[in-house]
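Here's the letter readout for the chains.
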Amino acid sequence: MVRLLTLTAAAALVVACAPPADDSAAAATPDPGVTEPASPAELAGLDVQPMTYEEFAAVVPPGLGCSFESGEDLLVVASGPDDNSAGHDAAIKIGDEVIALTGQETGGFDALVDGGTFEGSGVIVRITRSSDGRQAGIETTAWDAHLEAERSGRQLALTGTWSCGA
């Protein structure tokens, strides 16, 4: 899907940048409004951005938590209490907006470790992880993971790492 969108956007850029048939002087001046998208996420309409602590701290309660990273980018942060009857909260940044998400499963932190589905402000995020975890710190375990995000019918899929701990 992303490849199709990339090809479609590239074709649109070629057509948009092609000079008109009359070869006037105006045609030689590039249109400053035509820019190439910076990432496949933008092409999909989901401009998922990395977050800083300051950005997600107001949305996600402190405590035991997990995060999804793709490359060096922190894209999702979630936390859940040590209470198996509780839910969990998460955040994702789309464009300039940090969006609060609510976990759709109960089970507190213990359920959060398994990944899950989070929803808020028209955004649905699903995190699935592999079964083979590895030690990533003194109290942190990491798994290869897959993130799927959807908003207004537009979808994004990324691979990365789901890390959980104190």
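Structure shown above.
Since we're looking at a predicted model, the values are computed, not measured.

(A) Representation of the overall build of the chain. A tally of regular secondary structure across the chain gives four helices and 10 strands. Burial statistics for the chain: of 166 residues in total, 34% are counted as buried. At a minimum sequence separation of 6, the contacts of the chain that also span at least 24 residues come to 46%. A total of about 9400 Å² of accessible surface is found on the chain, and carbon and sulfur atoms cover 53% of it.

(B) Expanded view of the side chain of Thr117. Its place among the elements puts Thr117 in strand β6 (residues 116–120). On the accessibility criterion, Thr117 (17% relative accessible area) is buried.

(C) Fine view of the side chain of Ser67. The topology assignment puts Ser67 in strand β2 (residues 65–70). Once you skip the residues sitting within four places of it in the chain, Ser67 turns out to touch Leu74, Val76, Val77, Thr161, Trp162 and Ser163.

(D) Structural view of the pairing of strand β7 (residues 123–129). Relative to β7, β6 runs antiparallel, the two being bridged by five bridges. Looking across to β7, one finds that Gly116 is bridged to Ile127. In textbook terms, the turn of a hairpin is the stretch between consecutive antiparallel strands, and for β6 and β7 this stretch comprises two residues, one of which, Ser121, has a positive phi near 50°. In this sheet, strand β9 (residues 140–151) lies alongside β7 in antiparallel orientation, the contact comprising seven bridges. The residue bridging Thr128 from the neighbouring strand is His146, located in β9.

(E) A look at the nonpolar core. Membership of the largest hydrophobic core comes to 26 residues, with the highest contact counts inside it found for Phe68, Ile92, Leu101, Phe118, Val125 and Trp162. Elements with a contribution of two residues or more to this core: β2, β3 (73–79), β4 (89–94), β5 (97–103), α4 (108–112), β7, β9 and β10 (154–165). Sorting elements by how many residues they give to this core places β9 first, with four residues. Among the nonpolar cores identified, the runner-up in size contains six residues, and Met51, Phe56, Val60 and Ala91 belong to it.

(F) Representation of the environment of Arg126. Mapping Arg126 onto the fold places it in strand β7. Given a relative accessible area of 33%, Arg126 falls into the partly exposed group. Along the chain, Arg126 and Gly115 lie 11 residues apart, while their C-alpha atoms are 7.5 Å from each other. When near neighbours in sequence (up to four residues on either side) are disregarded, Arg126 contacts Gly116, Thr117, His146, Leu147 and Glu148.

(G) Molecular detail of the pairing of β6. Judged by how many residues are buried, β6 sits mostly within the fold: four of five residues are covered. Examined bridge by bridge, β5 and β6 share two bridges and lie antiparallel to one another. Note that in β6 the partner of Thr102 across the bridge is Glu119.

(H) Spatial organisation of the packing of aromatic side chains. Here the structure, examined in full by the defined rule, presents one aromatic pair. Ring centres of Tyr53 and Phe56 lie 5.5 Å apart, and the angle between their planes is 80°; on these two criteria the pair is classed as edge-to-face. Of this pair, Tyr53 and Phe56 are both found in helix α3 (residues 53–56), three residues apart, which corresponds to roughly one turn of the helix. On the basis of relative accessibility, which here comes to 12%, the residue Phe56 falls in the buried class.

What counts, and at which threshold
Residues numbered from 1 in each chain as written. Predicted model: local features only at pLDDT ≥ 70, side-chain atom pairs only at ≥ 80, totals over all residues. Heavy atoms only, no water. Helix = DSSP H or I, 4+ residues; strand = E, 2+ residues; numbered from the N terminus. Buried < 20%, exposed > 50% of the residue type's maximum accessible area, 1.4 Å probe, protein only. Contact = heavy atoms within 4.5 Å. Areas by Shrake-Rupley, 256 points an atom, 1.4 Å probe, with all protein chains shown as cover. Pairing = 2+ DSSP bridges. Core = buried A, V, L, I, M, F, W, Y, C linked by side-chain atoms within 4.5 Å. Phe/Tyr/Trp six-rings, centres within 6.5 Å; stacked < 30°, edge-to-face > 60°.

These figures come from the coordinates and say nothing about function on their own.
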